[in-house]
Amino acid sequence: MSTEANVAASEIALHPAADDPEALLAVNGLKKHFAIRQGLLIRREVGAVKAVDGVSFSLRAGETMGLVGESGCGKSTTGRVVTKLLDPTAGAIIFEGKDISGYSRAEMLPLRSEIQVIFQDPYSSLNPRHTIGTIVGAPFRIQKTVKEKGIKAEVQTLMERVGLNPEHYNRYPHEFSGGQRQRIGIARAIALRPKLIVCDEPVSALDVSIQAQVVNLLEDLQNEFNIAYIFVAHDLSVVRHISDRVAVMYLGQMMEFTDRDTLYSKPLHPYTHALMSAVPVPDPAKETRRDRILLVGDLPSPSNPPPGCVFHTRCPKFRERLSDSERERCQTESPALELKAPGHFAQCHFPEVRADIANAQDAGIGAGAVESVVSPGGVSTDLPR
Amino acid sequence: MTMPAGELEAVVASADSGDADANTATVEGRSLFQIAWRRIRSSKVAMISLGVLVFLLLIAIFAPVLTAIEGQDPTTFHNTRDVIDSGSVSFEPGLPLPGFKLPSSTHWLGVEPQTGRDIFARIVYGARVSLTIAFLATLMSVVIGTTLGAMAAYFGGVVDTVISRFMDLLLAFPQLLFLLTLTPILQARLGHTFLGKGSTLPIASLIFILGFFGWPYLARIVRGQVLSLREREFVEAARAMGASPRRIIFKEIIPNVAAVVLVYATLTIPANITAEAALSFLGVGVRDPTPSWGQMLNQSQSNNFYQLDPWFMLVPGLALLITVLSFNLLGDAVRDALDPRAGRS
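Given the structure is predicted, the values throughout are model-derived calculations rather than measurements.

Here we come to the overall build of chain A. Along the backbone of chain A there are 14 helices and twelve strands. Every one of the 385 residues in chain A was classed for burial, and the buried ones make up 56%. Total accessible area computed for chain A in this model is approximately 15,700 Å², and 51% of it derives from carbon and sulfur atoms.

Let us look at the nonpolar core. In terms of nonpolar packing, the biggest core is built from 59 residues, with I184(A), I186(A), I190(A), I197(A), L218(A) and F231(A) touching the most fellow members. Ranked by residues supplied to this core, first place goes to helix α7 (residues 208-225) of chain A with six residues. Every residue in contact with I190(A), bar those within four places of it in the chain, is listed here: L158(A), V162(A), I197(A), L221(A), F225(A) and I227(A). The next biggest cluster of nonpolar side chains, apart from the first, holds 31 residues, and it includes I40(B), A259(B), L330(B) and A333(B).

Residue and element names in this part refer to chain A. Tallied over the full model, the rule gives five cavities of 30 Å³ or more. Its boundaries defined by the atoms lining it, the largest cavity holds a volume of some 70 Å³. Lining the largest cavity, in full, are P270, C309, H312, C315, K317, L322, C330, P335, C348, H349 and F350. Residue composition of the lining of the largest cavity, grouped by class: eight nonpolar, two polar and one charged.

This part covers the layout of surface pockets. Empty space within the largest pocket amounts to approximately 880 Å³. Lining the largest pocket are 26 residues, with L85(A), L86(A), Y154(B), R230(B) and R239(B) sitting closest to its centre. Those elements that place two or more of their residues in the lining of the largest pocket are β1 (23-38) and α3 (105-108) of chain A together with α6 (119-155), α7 (157-172), α10 (233-240) and α11 (245-281) of chain B. At three residues, the largest contribution of residues to the lining of the largest pocket is made by α10(B). Residue classes in the lining of the largest pocket are distributed as eleven nonpolar, four polar and eleven charged.

Close reading of the predicted structure is inappropriate where its pLDDT is low. Residue and element names in this part refer to chain A. Scored by pLDDT, chain A comes out at a mean of 82, with 87% of its residues at no less than 70. Scored below 50 in pLDDT, residues 1-14 makes 23 contacts in the model with residues more than four places away or belonging to other chains. For the stretch residues 363-385, pLDDT sits under 50, and the model shows 45 contacts to residues farther than four places along the chain or on other chains.

Here we take up the side chain of S277(A). With respect to the helices, strands and loops of the structure, S277(A) is situated in helix α10 (residues 270-277). At a separation of 3.2 Å, a polar atom in the side chain of S277(A) contacts the main-chain carbonyl oxygen of A274(A).

This part takes up the pattern of salt bridges. All names here are of chain A. The full count for this structure, using the stated rule, is 23 salt bridges over all chains. Taking the shortest distance from any N to any O, the salt bridge between R314 and E70 comes out at 3.2 Å. Pair noted here: R314 is in the loop between α11 (284-289) and α12 (316-320) and E70 is in the loop between β3 (64-68) and α2 (75-82), with a separation of 244 residues, a long-range link. The exposure class of E70 is partly exposed, given its relative accessible area of 21%.

The tally for this structure, following the rule as stated, stands at eleven aromatic pairs over all chains. Relative to F311(A), the ring of Y271(A) lies with its centre 5.0 Å away and its plane at 70°, an arrangement referred to as edge-to-face. Separated by 40 residues along the polypeptide, Y271(A) in helix α10 and F311(A) in the loop between α11 and α12 bring together distant segments of the chain. Accessibility classification places Y271(A) together with F311(A) in one group, the buried group. Pairwise contacts between aromatic rings join F166(B), F173(B), F208(B), F212(B), F213(B) and W215(B) into one cluster. Directly above the aromatic system of F318(A) lies the positively charged group of R327(A), at a separation of 5.7 Å from the ring centroid.

All names here are of chain A. Structurally, G62 can be placed in the loop between β2 (44-60) and β3. Separated by 292 residues in the primary sequence, G62 and R354 have C-alpha atoms spaced 30 Å apart. Residues in contact with G62, not counting those within four places in the same chain, are Q222, N226, I227, A228 and D244.

What follows deals with the sheet that holds strand β5 (residues 98-99) of chain A. All names here are of chain A. Spatial ordering of the open sheet is given by β2-β1-β4-β5, a layout of four strands whose pairing is antiparallel. Each edge of the sheet is formed by a strand with only one pairing partner; in this case those strands are β2 and β5. Note that strand β4 (residues 90-95) and β5 share two bridges and pair antiparallel. Of the residues in β5, the one forming a bridge with F95 is K98. Across the sheet, α2 touches β1, β2 and β4, and the angle it forms with β1 is around 115°.

Our focus in this paragraph is the sheet that holds strand β8 (residues 228-232) of chain A. All names here are of chain A. Spatially, eight strands are ordered β6-β7-β8-β3-β9-β10-β12-β11 in an open sheet, and the strand pairing comes out mixed. Each edge of the sheet is formed by a strand with only one pairing partner; in this case those strands are β6 (115-118) and β11 (338-341). Between one strand and the next, the sheet's axes are offset by a mean angle of 20°, whatever the strand orientation. In the sheet, strand β10 (residues 253-259) pairs with strand β12 (residues 344-346) via three bridges, with the strands oriented antiparallel. Following the sheet pairing, E256 is matched in β12 by A346. Here α7 sits on the sheet and contacts β3, β6 and β8; the angle it forms with β8, its principal contact strand, is near 155°.

What counts, and at which threshold
Residues numbered from 1 in each chain as written. Chains lettered and ligands numbered in written order. Predicted model: local features only at pLDDT ≥ 70, side-chain atom pairs only at ≥ 80, totals over all residues. Heavy atoms only, no water. Helix = DSSP H or I, 4+ residues; strand = E, 2+ residues; numbered from the N terminus. Buried < 20%, exposed > 50% of the residue type's maximum accessible area, 1.4 Å probe, protein only. Areas by Shrake-Rupley, 256 points an atom, 1.4 Å probe, with all protein chains shown as cover. Core = buried A, V, L, I, M, F, W, Y, C linked by side-chain atoms within 4.5 Å. Contact = heavy atoms within 4.5 Å. 1 Å grid on protein atoms, 1.4 Å probe; cavity = no way out; pocket = protein on both sides within 12 Å on 5 of 7 lines; lining within 4 Å. Points joined across faces, edges and corners; volume = space filled by probe spheres on them. Nonpolar A, V, L, I, M, F, W, Y, C, P; charged D, E, K, R; others polar. pLDDT = per-residue confidence, 0-100. Polar contact = N/O pair within 3.5 Å; in protein donor to acceptor, adjacent residues only side chain to side chain. Salt bridge = Lys/Arg side-chain N within 4 Å of Asp/Glu carboxyl O. Phe/Tyr/Trp six-rings, centres within 6.5 Å; stacked < 30°, edge-to-face > 60°. Lys NZ or Arg CZ within 6 Å of the ring centre and 35° of its normal. Pairing = 2+ DSSP bridges. Axes fitted to C-alpha atoms, helices over the stretch in contact; angles between N-to-C directions.

Take a look at the structure:
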């Protein structure tokens, strides 16, 4: 690991969301519970799906935070709450020093141009009845930042910027491929020059070859306009490529949060170990030799999370390598997201560095796409960007 | 790490070349309705019924011109003895003539029994009345049904409960009975204040009643569609841009239910034509001397005229049949054309 990464990591304050004076966005103890109601006439609340249950992180301008985790862990919900598409149950969302968690639609209106979203499904995120001109021009019309006469020129500039033919202004979404549609979604998101974009699995629905283009486009736009991204994904390789910091989520809680290089070289949390070992290695020899950590059992219901550490029911370390007294601690006492190493937060009673797992992972989004150096022993050195 | 720029361009270009006309100077997208129109044009049945309906519409619009050409009008009484040149039987003036009164050069479709009014003039003016009532009543139920259905689904909660229960209430009424009793009441009590006077009153009240009782059917369909549409990401995208609920409902969601609404409307127009005819036939709709097809049918059955003079019943009956059939066939064609599962033309 380079010392440079460690220095950068130590700049993250003690608590992941504690007052970083430079933070563009700080999220503190964010919770989103969906009520479960029962009853025919009087619908009483009988429980709650704890989709997001205490998530904290911070993000600086122009940075990218990767948000990873398996399906149903609450990463997309986190993104939607941060953009206020959903109202949080508890917690603070501090954007440029103001807590926007309780803002109404009217109060959010001026902030809508600062926080934007790119969606996962390029087929569902574009209105099939609108032309591309209408779709990409909608932000200008809603926010009234550009006069009606100037919209077409603005939209065509944007289309050109994201690699679309501006002459396709009058076309409908169904006439485009998935990758082109995602570019339309990106053009719409950057139209108002936002400071933060929540990318909700923007490349998950795309072919691998197209993924690389879209990721590169996002990076170029970030450099050009100094946009911060929250990059929700389940593909660890993509996240590794694009992120400055990475947060790992499980069952609505944050398991690990640190800078990218630290996470991928020295993951601390057993869940992160399992996630990383699930990524296939693009080297058949290595792929067959390596040990994979398999998670057994089903994801517990977020409406009834396990007591203690939420991960203990599926934790391989809990199952195989802990003493009974240690296990009892996992079952009864829920760990806090604590600083376990400089700039490295983990929510685990018994974190450990497992470099062997990290080293096996040098898959990028396509082997050729990542400029990683793999030494003969299978130990990776640093990743220059 | 970046992908080589050349490779990126190549993939973009190859994605483009899938469309043959991608690189032509003027690129116009084809909307769903443009695609549907191409399909309708390729269907013979649809084009014939559309032709019939356009013809009918022209007849209704140019009714005064047509009757002027014929030299008749729909309300003048004629002595039936003068009209029918028949020396074989002797008639009392004013009584219906037995047998068919076949068209003649002065009365293109013959005359009514008893009054001797010109049937052709009454049919073309009746087309005006019937079509006006059917179109406006349909328009009314489409506007109310789409708006309330979309609102119920989009807002959910209390709004949904109130609108849905009100729809259930309307649907639970025995409609024909209700129309029969409500129409005269409406005309007698409220008509003069709200719905105009004279001959427009029964027409306006029919539009109001048919329109008002027609919307819950459409509202239910729209509500179901919007329930799934509002979960789509483009709605979230609009919200993320700060769009108001009104903008989202009318600009983002309703264009997506337009196909369903259009199909429903083309099938509701004939239903409203028949409903108007039924009400007029039953004596609570359009009243003499205003002609409508249902009112003509009503007159043909009063005093059992149709036994002596089937022609008088046949003409408005056929007009009704052709119109309703054309609308229904066109409605089916529109539905097929807008169906995304059907093969692309």
